[in-house]
Amino acid sequence: MCTINISTIMQGRTFPDAGSALFDMINPALDAGDRITLDMNGVDVLPSMFLNPSIGRIVKERGMSAMSRFTFRNISRSQMERLRSYVYKIYTPAK
């Protein structure tokens, strides 16, 4: 199991750089078959500039099934709704 504190990754980085750093941590854990816990303690926002190079890239490269390996800790309802709508939007092709 791999637990990642998102606020720690975001400290001192731009949103795109933090997203890339998260991807670099998640990708090998998925390769190893690990479950991934993302701890949202201290995270106020989840902008697309962060999600695109992290969660978005995982879903695009590995498919929606990769999300079944994720659990979240200290996540607010609004953050969960944001993640759900984001993943649905990038996974569902535009009409």
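Residues numbered from 1 in each chain as written. Predicted model: local features only at pLDDT ≥ 70, side-chain atom pairs only at ≥ 80, totals over all residues. Heavy atoms only, no water.

### Some remarks on the packing of aromatic side chains
The condition is simple: Within 6.5 Å between ring centres, the rings of Phe, Tyr and Trp (the latter by its six-membered ring) count as paired, and their orientation is classed by plane angle as stacked under 30 degrees, edge-to-face over 60, tilted in between. Only when the NZ atom of a Lys or the CZ atom of an Arg is both within 6 Å of the ring centre and within 35 degrees of the ring normal do we say a charge sits over the ring.
In this structure the tally under the stated criterion is zero aromatic pairs. For the cation-ring pair, Arg57 lies above Phe23, with the distance from its terminal atom to the ring centre recorded as 3.7 Å.

### Some thoughts on the pairing of strand β3 (residues 70–73)
As a reminder of what qualifies: For two strands to count as paired, DSSP must find a minimum of two bridges between them. Secondary structure follows DSSP: runs of H or I at least 4 residues long count as helices, runs of E at least 2 residues long count as strands, and numbering of each begins at the N terminus. Assignment of crossover handedness uses the view with strands pointing away from the viewer, where a clockwise path from the first strand over the helix to the second indicates a right-handed crossover.
In this sheet, β3 lies alongside strand β2 (residues 36–39) in parallel orientation, the contact comprising four bridges. Pairing of Asp39 across the sheet is with Arg73, part of β3. Following the backbone out of β2, through helix α3 (residues 48–62) and into the adjacent parallel β3, one traces a crossover that is right-handed.

### Examining the packing of helix α2 (residues 15–31) against α3
As a reminder of what qualifies: The axes used here are C-alpha line fits, helices contributing only the stretch in contact, and every angle between their N-to-C directions lies in the interval 0 to 180 degrees. An angle counts as roughly parallel when it lies under 35 degrees, as roughly antiparallel when it exceeds 145, as roughly perpendicular when it falls between 65 and 115, and as oblique in every other case. Left-handed is the label given to a crossing in which the near helix is rotated counterclockwise from the far helix by less than a right angle, and right-handed is the label when the rotation is clockwise. Throughout, a residue-residue contact means that at least one pair of heavy atoms, one from each residue, lies within 4.5 Å. Under the convention adopted here, Pro, Cys and the residues Ala, Val, Leu, Ile, Met, Phe, Trp and Tyr are nonpolar, Asp, Glu, Lys and Arg are charged, and Gly plus all remaining residues are polar.
Taken N-terminus to C-terminus, the directions of α2 and α3 make an angle of 30°; their axes are 6 Å apart at the nearest point. Judged by the angle between their axes, α2 and α3 are roughly parallel. At the point where α2 passes α3, the crossing takes the right-handed sense. Taking contact as the criterion, the partners of Phe15, Pro16, Ala18, Gly19, Ser20, Leu22, Phe23, Ile26, Asn27, Leu30 and Asp31 in α2 are, on α3, Met49, Phe50, Pro53, Ser54, Ile55, Arg57, Ile58, Glu61 and Arg62. By residue class, the composition of the contact of α2 with α3 is twelve nonpolar, four polar and four charged.

### A few points about the packing of α3 against helix α4 (residues 77–91)
Packing of α3 against α4 leaves a shortest axis separation of 10 Å and a crossing angle of 60°. By the criterion of interaxial angle, the relationship of α3 to α4 is oblique. Along this stretch, α3 crosses α4, giving a crossing that reads as right-handed. Contact with α3, carried on its side by Ser48, Leu51, Asn52, Ile55, Gly56, Val59 and Lys60, involves Arg82, Leu83, Tyr86, Val87, Ile90 and Tyr91 of α4 and no other residues of that element. Considered class by class, the residues forming the contact of α3 with α4 number eight nonpolar, three polar and two charged.

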